[in-house]
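# Breakdown of the fold
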Amino acid sequence: MFIMSLTPFKDIRKLAEERKGGKKALDVLLAAHKPVTVKKLAAISDDRYLAKMTECIFNAGFNWKVVRNKWDGFEEAFHGFNPKGLAHMSPEKWEAYVEDTRIVRNWIKIKAVLDNAHYLMEEADRHGSFGKFFAQWPASDQVGLMEYLKKNASRLGGNTCMYFIRFIGKDGFILSQDVVGRLKASGLEIKDQPTSKKDLKACQEAFNTWHEETGLPYTQLSRICGMSIGKNYSPE
C-alpha cells in the first residue's frame, strides 16, 4: 500500500518545532538521537548484542526501572553475556536461574537468553560476527529485519525488536502511540497497533519516502513524528 498523498515531512517538522520551542531547540533534542555508523555496528561484539537483546526482552511488559537497577546483576549472573560460554552451560545451571535474585526470575525470558546465545553463534558462523550481519541490513527494510529476527531469534518480535534496533544504535523507527498517530494523520490507513504485514509495509514506505525527501536518518524521522503530536513532554 503506497500513500500518494503523504504529508510532506517539512510540515511535520514545523509542527514539532512549534511544540518544542523552535528549530534550534528541536535540533538539540535530535542531536541525542543519531544512529551509529555501519562500521561501528559491525564492530560491536556479540556479547553486547546478546546483552541488549536480553535487556529489551526483559523490559517487555515489565518495569524498565527494575531491570535497569538490576542490570549489574544480570551482567554478573550471565557471565558478561558471552554466547559461547552460555551456550555450553549445563541444563542444571540454567534451571538455577529461576532462584537467582540477581536477575528478574522469569523462566520464559531466561530461556530466551540461551536460545539467543545459540542464534548469535549461528549468525557469527555464517558472517564472522552477528554485528557484521546486522550492520549491513538496510534501514529501508527495517520491517524485513524485524520479520527475520522474529523468525530466527527468540522473543524479538514487535516493539521489543524495534527497541532493540534503536537501543543498540542502528538507524530505525519505533511505532510508538504518537508515531502511529502522526502516520495516520499523514495519510496512512493503519490500525492503532500496526502489526500486520500490510500495515508494517505501509509504515516502512512512509519512512522511506520521508527519508528520500529529507535525507534525515530514520531514527530522527521517527523522533520528529513523535514530537509533532500527542502529549508535549518536557525535554527533561
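That block above? That's the structure.
Residues numbered from 1 in each chain as written. Predicted model: local features only at pLDDT ≥ 70, side-chain atom pairs only at ≥ 80, totals over all residues. Heavy atoms only, no water.

As a further point, take the packing of aromatic side chains. For the coordinates displayed, the defined rule picks out 24 aromatic pairs. Ring geometry for Phe133 versus Trp137: centroids 5.9 Å apart, planes at 80°, classification edge-to-face. The two residues Phe133 and Trp137 agree in class, both being buried. Grouping aromatic residues by their ring pairs yields a cluster made of Tyr49, Tyr119, Phe130, Phe133, Phe134, Trp137, Tyr148 and Phe164. Its end group placed over the ring of Phe134, Lys170 keeps NZ or CZ at 5.2 Å from the ring centre. (Phe/Tyr/Trp six-rings, centres within 6.5 Å; stacked < 30°, edge-to-face > 60°. Buried < 20%, exposed > 50% of the residue type's maximum accessible area, 1.4 Å probe, protein only. Lys NZ or Arg CZ within 6 Å of the ring centre and 35° of its normal.)

A word on the pattern of salt bridges. In total, this model carries 13 salt bridges according to the counting rule given. For Asp47, the salt bridge identified is with Arg48, shortest N-O distance 2.8 Å. Look at Asp47 and you get partly exposed, because its relative accessible area is 21%. Accessibility expressed as a relative area gives 31% for Arg48, which makes it partly exposed. Between Glu123 and Arg126 there is a salt bridge, and its shortest N-O distance comes to 3.2 Å. With Glu123 and Arg126 both in helix H9 (residues 107-127) and three residues apart, this pair spans about one turn of that helix. Residue class for Glu123 comes out buried when judged on its relative accessible area of 0%. One salt-bridge network, in which partners are shared between bridges, spans Arg13, Glu17, Lys23 and Asp27. (Salt bridge = Lys/Arg side-chain N within 4 Å of Asp/Glu carboxyl O. Helix = DSSP H or I, 4+ residues; strand = E, 2+ residues; numbered from the N terminus.)

Below, the discussion takes up the nonpolar core. Grouped together as the largest cluster of nonpolar side chains are 70 residues, with contacts concentrated most on Phe130, Phe134, Phe164, Leu175, Leu183, Phe207 and Trp210. Not counting chain neighbours up to four residues away, the residues in contact with Leu183 comprise Leu175, Leu188, Ile190, Cys203, Ala206, Phe207 and Trp210. (Core = buried A, V, L, I, M, F, W, Y, C linked by side-chain atoms within 4.5 Å. Contact = heavy atoms within 4.5 Å.)

Within the element layout of this structure, Ala43 appears in helix H3 (residues 38-43). With 92 residues separating them in the primary sequence, Ala43 and Ala135 have C-alpha atoms 9.0 Å apart.

What follows covers the environment of Glu189. Mapped onto the elements of the fold, Glu189 is located in the loop between helix H13 (177-185) and helix H14 (197-214). Under the relative-accessibility criterion, Glu189 is labelled exposed at 67%. Distance in space between the C-alpha atoms of Glu189 and Asp199 is 8.0 Å, their sequence separation being 10 residues.

With that out of the way, let us pick up helix H1 (residues 9-20). End to end, H1 covers 16 Å across 12 residues, agreeing with the expected 16 Å (1.5 Å per residue, within 8%). Looking only at H1, the buried set comprises Phe9, Ile12, Arg13, Ala16, Glu17 and Lys20. Across the axial projection of H1, the buried residues extend over an arc of 140°, all falling on one side. Exposed residues lying more than 90 degrees from the buried face of H1 are Lys10 and Glu18. Elements in contact with the buried residues of H1: helix H2 (23-31), H13, H14 and helix H15 (218-227). Just downstream of H1 lies Gly21, where phi reads positive at about 95°. (Expected span 1.5 Å × (residues − 1). Arc of directions from axis to C-beta.)

H15 packs onto H14 with a crossing angle of 105° between their chain directions and a minimal axis gap of 10 Å. On the basis of the axis angle, H14 is roughly perpendicular to H15. Contacts between H14 and H15 involve Gln204, Phe207, Asn208, Trp210, His211 and Thr214 from the former and Tyr218, Leu221, Ser222 and Cys225 from the latter. Of the residues contributing to the contact of H14 with H15, the split by class is five nonpolar, five polar and no charged. (Axes fitted to C-alpha atoms, helices over the stretch in contact; angles between N-to-C directions. Parallel < 35°, antiparallel > 145°, perpendicular 65-115°, else oblique. Nonpolar A, V, L, I, M, F, W, Y, C, P; charged D, E, K, R; others polar.)

Turning our eyes to something else, we now look at unusual backbone geometry. Although it is not a glycine, Phe81 adopts a positive phi angle of roughly 60°. Mapped onto the fold, Phe81 is located in the loop between helix H6 (71-77) and helix H7 (83-87). Judged by relative accessible area, which is 0%, Phe81 ranks as buried. Positive phi, close to 60°, is recorded for Arg155, a residue that is not glycine. Note on placement: Arg155 falls in the loop between helix H11 (142-152) and helix H12 (158-168). For Arg155, a relative accessible area of 46% translates into the label partly exposed.

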